[in-house]
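# Working through the structure, step by step
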Amino acid sequence: MVELDHSFSTGKPTDYNWEAIRDLDRIIPCVAGGSVVERTGPTTAKAEIKVKMGAMSMTFAGTVEVVEADEDAHRAMLRVKSREVGGAGYANADVTFALTDGGGTIHTAAQISGKAASMGEGVVVGVLDGLIQDFTTKLQAI
Amino acid sequence: MPLQPGSYALGPDDATLTVKTERKGAAAKAGHDLVIDVTSWSATLDVGAEPSATALSLTADSRSLRVRAGTGGMTSLGDEEKAAIAQTIDDEILEGAPIEFRSSGVEAGVDGGLRVTGDLAIGDARHPVAFDLAVDGDGRLTGGARLLQTDWGIKPYSALFGALKVADEVEVVVDATLPAGAAA
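Every chain's residues receive numbers from 1 upward, in the order its sequence appears when written. Here every chain gets a letter starting at A, and every ligand a number starting at 1, in the order they are written. With the structure being a predicted model, the display of local features is reserved for residues of pLDDT at least 70 and the display and counting of side-chain atom pairs for 80 or more, all residues being used for whole-chain, interface and lining totals.

This part is about the overall build of chain A. Within chain A one finds three helices and seven strands. Helix and strand definitions follow DSSP, with helices as H or I runs of at least four residues and strands as E runs of at least two, each counted in order from the N terminus. Listed by position from the N terminus, the elements making up chain A come as β-α-α-β-β-β-β-β-β-α. With C-alpha atoms as the basis for the radius of gyration, the globule rule is written as 2.2 Å multiplied by the number of residues raised to the power 0.38. Its C-alpha radius of gyration of 15 Å places chain A within 12% of the 14 Å reference for a compact globule of 142 residues. By principal-axis analysis of the C-alpha atoms, chain A measures approximately 40 × 30 × 25 Å. Counting other C-beta atoms within 10 Å of a residue's own tells you its class, since 20 or more makes it buried, 12 or fewer makes it exposed, and anything in between is partly exposed; those C-beta atoms are placed from the backbone. Buried positions account for 30% of the 142 residues belonging to chain A. By definition, residues are in contact whenever their C-beta atoms, placed on the basis of the backbone, come within 7 Å of each other. Sequence separation of 24 or more characterises 43% of the internal contacts of chain A that already satisfy a separation of 6 or more.

Here we come to the nonpolar core. Here, a nonpolar core means buried Ala, Val, Leu, Ile, Met, Phe, Trp, Tyr and Cys residues linked by C-beta atoms lying within 7 Å of one another. Within the largest apolar cluster, 78 residues are counted, with the highest numbers of intra-cluster contacts made by Met53(A), Val124(A), Val127(A), Ala27(B), Leu160(B) and Leu164(B). Counting residues per element, this core draws most heavily on helix H3 (residues 121-139) of chain A, at seven residues. Once residues lying within four places of it in the same chain are set aside, the contact partners of Leu160(B) are Met53(A), Val127(A) and Ala27(B).

Residue and element names in this part refer to chain B. DSSP calls a pair of strands paired once it identifies at least 2 bridges connecting them. The pairing of strand S6 (residues 55-60) with strand S8 (residues 99-108) spans four bridges and is classified as antiparallel. Counted as the bridge partner of Ser57 is Arg102 from S8. Sheet analysis places S8 next to strand S9 (residues 114-122), joined by nine bridges and oriented antiparallel. Residue pairing across strands places Ile99 opposite Ile122, the latter belonging to S9. In this structure, the hairpin formed by S8 and S9 is closed by a connection of five residues, where Asp111 is found at a positive phi of approximately 50 degrees.

By a widespread convention, an interface's size corresponds to the accessible area lost as its parts come together. Of the residues lining the interface, 14 residues belong to chain A; the matching set on chain B comes to 19 residues. Counting residues per element, the ones that place at least two in the side of chain A that touches chain B are strand S3 (44-53) and H3 of chain A. At seven residues, H3(A) tops the list of elements feeding residues into the side of chain A that touches chain B.

A word on the sheet that holds S8(B). Residues and elements named next belong to chain B. An order of S1-S5-S6-S8-S9-S10-S11-S14-S2-S4-S7 is seen for the 11 strands of this open sheet, with the pairing classed as antiparallel. Among the strands making up the open sheet, the edge pair consists of strand S1 (6-10) and strand S7 (65-72). Neighbour-to-neighbour, the strand axes of this sheet turn through a mean angle of 20 degrees, independent of strand direction. The strands touched by helix H1 (residues 79-93) are strand S4 (32-38) and S7; relative to S7, the strand with the most contacts, the crossing angle is about 120 degrees. To get an axis, fit a line to the C-alpha atoms, keeping to the stretch in contact for a helix; angles then go from 0 to 180 degrees between the N-to-C directions.

This part covers H1(B). Here H1(B) contains 15 residues, and its C-alpha end-to-end distance of 20 Å stays within 8% of the 21 Å for a straight helix at 1.5 Å per residue. Phi for Glu95(B), located one or two positions after H1(B), is positive at around 50 degrees. Working rule for helices: expected span equals 1.5 Å times residues minus one.

A word on the sheet that holds S3(A). Residues and elements named next belong to chain A. Read from one edge of the open sheet, seven strands run S1-S7-S6-S5-S4-S3-S2, paired in antiparallel fashion. Edge positions in the sheet fall to strand S1 (2-9) and strand S2 (34-41), since each has one partner strand and no second. Strand-to-strand twist of the sheet, defined as the mean angle between neighbouring strand axes without regard to direction, takes the value 20 degrees. Of the strand pairs in this sheet, strand S5 (residues 75-84) and strand S6 (residues 90-100) are connected by nine bridges, and their pairing is antiparallel. Paired with Ser82 across the bridge in S6 is Ala91.

All names here are of chain B. Mapped onto the elements of the fold, Ile93 is located in helix H1. Counting along the chain gives 62 residues from Ile93 to Lys155, while the straight-line C-alpha distance between them is 7.0 Å. In contact with Ile93, other than residues within four places in its own chain, are Thr88, Ile154 and Tyr157.

This part takes up the confidence of the model for chain A. Every residue carries a pLDDT, the predictor's confidence in it, which falls somewhere between 0 and 100. Considering every residue of chain A, the mean pLDDT works out to 94; 100% of them sit at 70 or more. By mean pLDDT, H3(A) is the weakest element of chain A at 92, and S5(A) is the strongest at 98.

Phi is mostly negative for residues that are not glycine, and the peptide bonds are mostly trans. Residues and elements named next belong to chain B. Of note in this structure, Glu95 is not a glycine but carries a positive phi near 50 degrees. Assignment of secondary structure puts Glu95 in the loop between H1 and S8. Take Glu95: there are 13 C-beta atoms within 10 Å of it, and that puts it in the partly exposed class. Here the phi dihedral of Phe161 falls at roughly 55 degrees; this positive angle occurs in a residue that is not glycine. Residue classification places Phe161 among the partly exposed residues on the basis of 19 C-beta atoms within 10 Å.

Turning to the environment of Leu147(B), a few remarks are in order. Residues and elements named next belong to chain B. Within the fold, Leu147 resides in strand S11 (residues 140-148). Leu147 sits in the buried class, given 20 other C-beta atoms within 10 Å. Distance from Leu147 to Glu171, taken between C-alpha atoms, is 6.2 Å for residues 24 residues apart in sequence. Contact partners of Leu147, with chain neighbours within four places excluded, come to Val129, Glu169, Val170 and Val172.

Okay, structure coming up:
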């Protein structure tokens, strides 16, 4: 299990951010290589993420679901469950947003296996940290 | 055997011009060290009576780079991956910039070889380079230079948010056999 904490700032009101982080059509494309494959419900979607590693790439396909949404606390958890396309690995994560005025924090608890994990935990942490930092940058424009 | 004075035209038909890259970064083992052929280029070697009267010029099409081989990585490179690398070089690294080298000085090198200095231009960026060319008795010319991509304002390729990078330093290697009887 890899756990990481980040903060983000959008400069927008909390109510706006609250709607945005639960809108899977808007939030999933903020992940580099991420896209919505199909909306399967108001709080669920099939999605995939393509991770480029030079000439090679790995694609993880699965589901994203808003599993918790505490409107009073402006706290929501998105659960990602995915499997490596054409491989035996998986990448799962619980991503918890806690909003404050103009931004908030993100706690990520991820489990990754297969080829990606074989690069070592230090690499996984570094890549995941970069992915989330890039994600927080894109949140500014959401 | 010293080179015979004359003008020699070189290109992919009788020579190879190759770029070798190495990977680095925490996720380096996910990438490949590459051997990349420049498949469209031409050079003229004007050999004078003395090395100081010798000149070398070269132009290369930066869109003609093709991956010949890749070592390392978590899986081997197939034709699709090699084509993807060439596309990335075109789109993100060299972007079709014209490549031109002109010598500004040639001196006698070791064992009958040549020490060449000059300017290499890639697009609008120009930077001095120096390299040695070895010459054997059969008219074979070999040599190379180690170049820093950033000297030409090129940002080395990086993926996985910087965990996998192409090293700034690349090696350019030429291996040519001077055409027999081509000297004029």
